[in-house]
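Below are the chains, spelled out letter by letter.
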Number of protein chains: 2
Amino acid sequence: MKTFNPFDAASFRTALRAFMDREAIGPAGATLLVAVSGGADSVALAHLLHASGIPIQIAHCNFRLRGEESGRDETFVRNFAAQLNVPFHVRHFDTNEYASAGKLSIQEAARELRYAWLEELRVQTGLDAVATAHHMQDSVETLWMNLSKGTGISGLHGILPKQGALVRPLLFATREDIAGYMMAEQLAFVEDSSNASDKYTRNYFRHHVLPPLREAYPDVVRQTGASIQRFREAEMLYQQAVEGYRKKLVEKKGEEYFIPVLKLKQVRPLATIAYELLKPFGCNTHLAAQAVDLLEAGPGKFVTTATHRIVRDRKWLIVTPLQEALSAHFLIEAGQREVLLPGFRITLREEKYDGRPIPADADVAYLNASELSFPLMIRKWKTGDYCYPLGLNKKKKLSRLFIDQKLSLPEKEKVWVLESDKRIVWVMGMRLDHRFRVTEHTEQILVLKMETTR
Amino acid sequence: MKTFNPFDAASFRTALRAFMDREAIGPAGATLLVAVSGGADSVALAHLLHASGIPIQIAHCNFRLRGEESGRDETFVRNFAAQLNVPFHVRHFDTNEYASAGKLSIQEAARELRYAWLEELRVQTGLDAVATAHHMQDSVETLWMNLSKGTGISGLHGILPKQGALVRPLLFATREDIAGYMMAEQLAFVEDSSNASDKYTRNYFRHHVLPPLREAYPDVVRQTGASIQRFREAEMLYQQAVEGYRKKLVEKKGEEYFIPVLKLKQVRPLATIAYELLKPFGCNTHLAAQAVDLLEAGPGKFVTTATHRIVRDRKWLIVTPLQEALSAHFLIEAGQREVLLPGFRITLREEKYDGRPIPADADVAYLNASELSFPLMIRKWKTGDYCYPLGLNKKKKLSRLFIDQKLSLPEKEKVWVLESDKRIVWVMGMRLDHRFRVTEHTEQILVLKMETTR
């Protein structure tokens, strides 16, 4: 990015426009749905876009976490939208309830609710993209957090300017730049006290890691921010190299993939290339390393992932979809009281619902019997599965749910689902589906209880 | 790396061997010259290698910075070498003098002296490599420091296991692992108090940045260390992609290189590819961006680097070596009292040396006249130039000297040298050559004074 003077509003807007052009954010005429909490960053974003002649609408989430303060923020944003003369949308959430229903932290719950609603609203209003006010420091913090947890090259691109319908037009600017703009334009904002000081959040970095770093390297955020741009481009070149190897080494025949042993052995760096080629077949770095060991093993040896089996043939590694994963189905007929499955047992009872509160127990499902149609089916989850998680009442991919729950691959491999008429009723041991929940109008309930047998 | 138990010496040594094999450090029969300060890390390294049956010799630098303590450390290492029954080498340095002569920090001075002597000693003793005791945390700190200053993908590989004749066999181990080995083997060591707590050194990271990081991510060093290994492999793939573009886009004809404008315009990511293709011609990211701008400019426009001119032709970017850089030579005849150069003037006077101390002034050179042979020559420095910096009395490349002095590219472009009979006498305005210095035996001195004229 060329430098700009944040205190000169016109210069800031030129920089914004240049960044949006470069990242192909908001093409001419596109209307952006801007998420505004009322804090400095989001107020600056909405004001900047509006003042640059880019059509916007404003969306505000009221998480009802801070009593009157939440109401105050909502009023502030409503008035701000009125001043700009742009449409205003608001949604109230019962964040605490959603968090406890889904066993999520308040932060996770707020995050899920926010993004789900913003996307829903974007589709309803027919707008082009949702814009959030993430800035350079957010992105730098993301990079540091990834590094501290351990990451590969994709952990270095920080927060992306564009992800599907989500855009971040402020990534070129620092917190200080934004503060400069707010001052220059004399813009009011509300103090955002919703950021809990959780050890594992970016707040920890902001308050405990950044200050000593800044002491030694005053320009650390901008320098790391510039590095992130270089890492993004490096990642593109890396991906080009990977795709070259994929084209040369992975051959599809029907449902199977063939990789020549001798040629794979010769590539360098082997570990990373093997990981990238096998990732689509369910390999993490650990499983990919096992697959590399197959190169020195005898024919017939194999590695199994959640979705595929990688078999050492004489000349090839042959990658086959796991038929078992798709074929293990267990039916439950009406009136059946027990099902035995690999590693666990399900007991069932039906009873009249007396209106008592439903206990929160991940291993027991209380279902609205009138919504179910027999036979029910129990099977392993598969890619593409989705449900309407309890409390969210919005479609969500299971793969996405597992990411939120931070499930490891072995944990994911063990997940079973209960289905009724091709609709997922229960991600077993984890999350009920909203459509089958017990409500005050429920008369008859079916209770399923899960117990391990080994 | 597979995990190992640092308290089990055999397991630690197996891990060492595995790491050395993987990184091709110290092939069978090779003897390593191990740098031992007497601190825990270097004692552990020497002991580990010796106990693993790898032939070693021990080298100790006495920087004479801490009075008796320095002598104590030397004695300790000498005794340690005697215990292991391996050859022991020591060199005493006047680090303070070297630092002030070269305008270096004590740390920089010690580093220069150390590596220069170790390499000298390695060549003299005919050994295969110099081994230093850098460990995983050192490498992780290097990565964090690079990130804070701003870096590209090559700043992410941390400390390399192998660089020329220099090897680091302990990079797979953490400080804690090494402490475990020292305890298990009941090894003594001396406390290394020579690490000044400079804000810009790794000590700052160790004491002020790492502790809060470790608080939130106890495993941060090992996780970042594992990431470094992945980044190294990612960098290899990145380089492969770059070399593919170089082969496709850069064509050599005589002394010139041709890059097709239309094809270069189409590559993605353009900024990074252009930077990598033009780096060998003296481009930094800034100059490379200017060269990218040439793609949209009219024929005849050009960008000049320290070594080349990149000219926009109708269909090509043509890269031509700067003839000027090589041809600008100014001769000084015996008795000449003044030379005018682009931007500055040199005045000369000859006088009898009366034994007074030589003032330290970078813009004035006091030379031993009897070592000079006229005509002297003044020219721009060029790649491959070397001198014997005052105080070091050892050959050193100018490019290396500039790195130590942290010269920017524009600063480097402005460096002139004074030559006598093809030997560099003075890196002008920066450093005298040891061979032409004034000593107590000097009778006649030539004084050159540099003054800017614009």
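From a predicted model like this one, the values you see are computed outputs, not experimental measurements.

1. A few points about the nonpolar core
Right, so step 1: One finds W144(A), L264(A) and L264(B) to be the most contacted residues of the largest nonpolar core, which totals 98 residues.
Right, so step 2: Discounting residues that sit within four places of it in the chain, W144(A) has contacts with F205(A), L210(A), L213(A), V220(A), T224(A), W144(B) and L147(B).
Right, so step 3: If you look at the next biggest cluster of nonpolar residues, it comprises 40 residues, including I25(A), L48(A), F80(A) and V86(A).

2. Considering the sheet that holds strand β4 (residues 129-131) of chain A
Strands in a sheet are paired, the pairing made by backbone hydrogen bonds, and the direction either parallel or antiparallel.
Residues and elements named next belong to chain A.
Right, so step 1: With respect to topology, six strands assemble into an open sheet ordered β3-β2-β1-β4-β6-β5, the strand pairing being mixed. A single partner strand is all that each edge strand has here, and the edge strands are β3 (88-92) and β5 (162-163).
Right, so step 2: The sheet contacts of helix α2 (residues 40-51) involve β1 (32-35), β2 (56-62) and β4, and relative to β1 the element is tilted by about 155°.

3. Describing the side chain of T132(A)
Residue and element names in this part refer to chain A.
Right, so step 1: With respect to the helices, strands and loops of the structure, T132 is situated in the loop between β4 and α6 (136-149).
Right, so step 2: Note on T132: relative accessible area 1%, which makes it buried.
Right, so step 3: A distance of 2.8 Å separates a polar atom in the side chain of T132 from a polar atom in the side chain of H134.
Right, so step 4: With sequence-adjacent residues up to four places away left out, T132 is seen in contact with A35, L45, R114, Y115, L166, V167, R168 and P169.

4. Points about helix α2 (residues 40-51) of chain B
All names here are of chain B.
Right, so step 1: If you check α2, its first and last C-alpha atoms are 16 Å apart, about what twelve residues at 1.5 Å a residue would give, namely 16 Å.
Right, so step 2: Looking at α2, one finds that the buried residues are S42, V43, A44, L45, A46, H47, L48 and L49.
Right, so step 3: At its buried positions, α2 is contacted by α1 (9-22), β1 (32-35), β2 (56-62), α3 (68-84), β4 (129-131) and α7 (175-184).
Right, so step 4: Positive phi shows up at G53, right after α2, with a value of about 80°.

5. Structural notes on the environment of M377(B)
Right, so step 1: If you trace the backbone, M377(B) turns up in strand β16 (residues 376-380).
Right, so step 2: Sequence separation between M377(B) and V417(B) is 40 residues; the distance between their C-alpha atoms is 8.2 Å.

6. A few points about the interface of chain A and chain B
Accessible area lost upon the coming together of the parts serves often as the stated size of an interface.
Right, so step 1: Taken together, the contacts link 42 residues of chain A with 42 residues of chain B.
Right, so step 2: Summed over both partners, the interface of chain A with chain B comes to about 3,900 Å²; 67% of that surface belongs to carbon and sulfur atoms.
Right, so step 3: Among the residues chain A hides against chain B, the three largest losses belong to L147(A), Y217(A) and L237(A). Together they make up 17% of the total.
Right, so step 4: Counting the contacts that link chain A with chain B gives 14 residue pairs in polar contact (both at pLDDT 80 or more).
Right, so step 5: Elements with a contribution of two residues or more to the side of chain A that touches chain B: α6, α8 (202-216), α9 (220-249) and α11 (270-278) of chain A.

7. Notes on the packing of aromatic side chains
Right, so step 1: Per the stated rule, a full pass over the model turns up 27 aromatic pairs over all chains.
Right, so step 2: Consider the rings of Y386(A) and Y388(A), whose centres lie 6.5 Å apart with planes at 65°: the pair is edge-to-face.
Right, so step 3: We classify Y386(A) as partly exposed; its relative accessible area is 36%.
Right, so step 4: For the pair F93(B) and W117(B), a centre-to-centre distance of 6.1 Å together with 75° between the ring planes defines the contact as edge-to-face. Note that F93(B) is positioned in the loop between β3 (88-92) and α4 (95-102) and W117(B) in helix α5 (residues 106-125), a separation of 24 residues in sequence.

8. As for unusual backbone geometry
Residue and element names in this part refer to chain A.
Right, so step 1: With an omega dihedral of -5°, the bond running from R268 to P269 counts as a cis peptide bond.
Right, so step 2: For P269, the position within the fold is in the loop between α10 (261-266) and α11.
Right, so step 3: Following F374, the chain continues to P375 via a peptide bond in cis, the omega torsion being -5°.
Right, so step 4: Among the structural elements, P375 can be located in the loop between β15 (364-368) and β16 (376-380).

9. Overview of the domain arrangement of chain A
Residues and elements named next belong to chain A.
Right, so step 1: Under the domain assignment, chain A is made up of domain 1 (9-228), domain 2 (250-323) and domain 3 (328-452).
Right, so step 2: Taking only C-alpha atoms into account, the centre of domain 1 sits 36 Å from that of domain 3.
Right, so step 3: The contact between domain 1 and domain 3 buries some 860 Å² in all, and 50% of this surface belongs to carbon and sulfur atoms.
Right, so step 4: It is Y98, K103 and E112 in domain 1 that bury the most area against domain 3; as a group they hold 44% of the surface buried on that side.

10. A word on the packing of helix α6 (residues 136-149) of chain B against helix α9 (residues 220-249) of chain B
Two measures define how a pair of helices packs: the angle their axes make with one another and the distance between the axes.
Residues and elements named next belong to chain B.
Right, so step 1: Packing of α6 against α9 brings their axes to within 9 Å, and their N-to-C directions diverge by 70°. With respect to each other, α6 and α9 are oriented roughly perpendicular. On the side of α6, the interface is formed by M136, Q137, S139, V140, L143 and W144, while α9 contributes V221, R222, T224, G225, I228 and F231.
Right, so step 2: By residue class, the composition of the contact of α6 with α9 is seven nonpolar, four polar and one charged.

11. Considering the relation of the copies chain A and chain B
Right, so step 1: For the pair chain A and chain B, the best superposition has an RMSD of 0.2 Å and corresponds to a rotation of 180° with a translation of 0.0 Å parallel to the axis. Overall, the copies show the geometry of a two-fold rotation axis. In terms of C-alpha distance to the rotation axis, chain A has Y238(A) as its closest residue, with the C-alpha 2.4 Å off the axis.
Right, so step 2: The overlap is high: 100% of the interface residues of chain A also sit at the interface in chain B, so the same surface is used on both sides.

12. A few points about the sheet that holds β3(B)
Residues and elements named next belong to chain B.
Right, so step 1: With respect to topology, six strands assemble into an open sheet ordered β3-β2-β1-β4-β6-β5, the strand pairing being mixed. Strands with a single pairing partner mark the edges of an open sheet, and in this sheet they are β3 and β5 (162-163).
Right, so step 2: Looking at chain direction, β2 and β3 are connected through five bridges and run parallel. Bridging from a neighbouring strand, H60 pairs with V90 of β3.
Right, so step 3: Here α5 sits on the sheet and contacts β1, β2, β3, β4 and β6 (166-167); the angle it forms with β2, its principal contact strand, is near 145°.

13. Concerning α11(A)
Right, so step 1: Most of α11(A) is tucked away: seven of the nine residues are buried.
Right, so step 2: Of the positions making up α11(A), those classed as buried are L270(A), T272(A), I273(A), A274(A), E276(A), L277(A) and L278(A).

14. Observations concerning the UniProt feature "binding site: ATP" (unreviewed entry) in chain A
All names here are of chain A.
Right, so step 1: The sites that carry the UniProt feature "binding site: ATP" (unreviewed entry) are, in the present numbering, S37, G38, G39, A40, D41 and S42.
Right, so step 2: Mapped onto the elements of the fold, G39 is located in the loop between β1 and α2.
Right, so step 3: When its relative accessible area of 8% is taken as the criterion, G39 is described as buried.
Right, so step 4: Once you skip the residues sitting within four places of it in the chain, G39 turns out to touch F189 and V190.
Right, so step 5: Position of A40 relative to the elements: it lies in helix α2.
Right, so step 6: Non-local contacts of A40, meaning those with residues more than four positions away in its chain, are made with I178, M182, F189 and V190.

15. Let's talk about the pattern of salt bridges
Right, so step 1: Scanning the entire structure with this criterion turns up 60 salt bridges over all chains.
Right, so step 2: For the salt bridge of E108(A) with K406(A), the shortest nitrogen-to-oxygen distance reads 3.7 Å. Residue E108(A) is found in helix α5 (residues 106-125), and its partner K406(A) is found in the loop between α14 (398-404) and α15 (409-413); the two are separated by 298 residues along the sequence.
Right, so step 3: The exposure class of E108(A) is partly exposed, given its relative accessible area of 28%.
Right, so step 4: Look at K406(A) and you get exposed, because its relative accessible area is 64%.
Right, so step 5: Notably, a salt bridge pairs E419(B) with R379(B), separated by 2.8 Å at the nearest N-O pair. Taken as a pair, E419(B) in strand β19 (residues 416-420) and R379(B) in strand β16 lie far apart in primary sequence, 40 residues in all. Like E419(B), the residue R379(B) is buried in the burial classification.
Right, so step 6: Taken together, the salt bridges that share partners define one network made up of R66(A), E69(A), R72(A) and D73(A).

About the thresholds
Residues numbered from 1 in each chain as written. Chains lettered and ligands numbered in written order. Predicted model: local features only at pLDDT ≥ 70, side-chain atom pairs only at ≥ 80, totals over all residues. Heavy atoms only, no water. Core = buried A, V, L, I, M, F, W, Y, C linked by side-chain atoms within 4.5 Å. Buried < 20%, exposed > 50% of the residue type's maximum accessible area, 1.4 Å probe, protein only. Contact = heavy atoms within 4.5 Å. Pairing = 2+ DSSP bridges. Helix = DSSP H or I, 4+ residues; strand = E, 2+ residues; numbered from the N terminus. Axes fitted to C-alpha atoms, helices over the stretch in contact; angles between N-to-C directions. Polar contact = N/O pair within 3.5 Å; in protein donor to acceptor, adjacent residues only side chain to side chain. Expected span 1.5 Å × (residues − 1). Buried area = accessible area lost by both parts, 1.4 Å probe. Phe/Tyr/Trp six-rings, centres within 6.5 Å; stacked < 30°, edge-to-face > 60°. Domains from an automatic or database assignment. Parallel < 35°, antiparallel > 145°, perpendicular 65-115°, else oblique. Nonpolar A, V, L, I, M, F, W, Y, C, P; charged D, E, K, R; others polar. Least-squares fit on C-alpha atoms with pLDDT ≥ 70 in both. UniProt positions renumbered as here; feature names shortened; annotations may be inferred. Salt bridge = Lys/Arg side-chain N within 4 Å of Asp/Glu carboxyl O.

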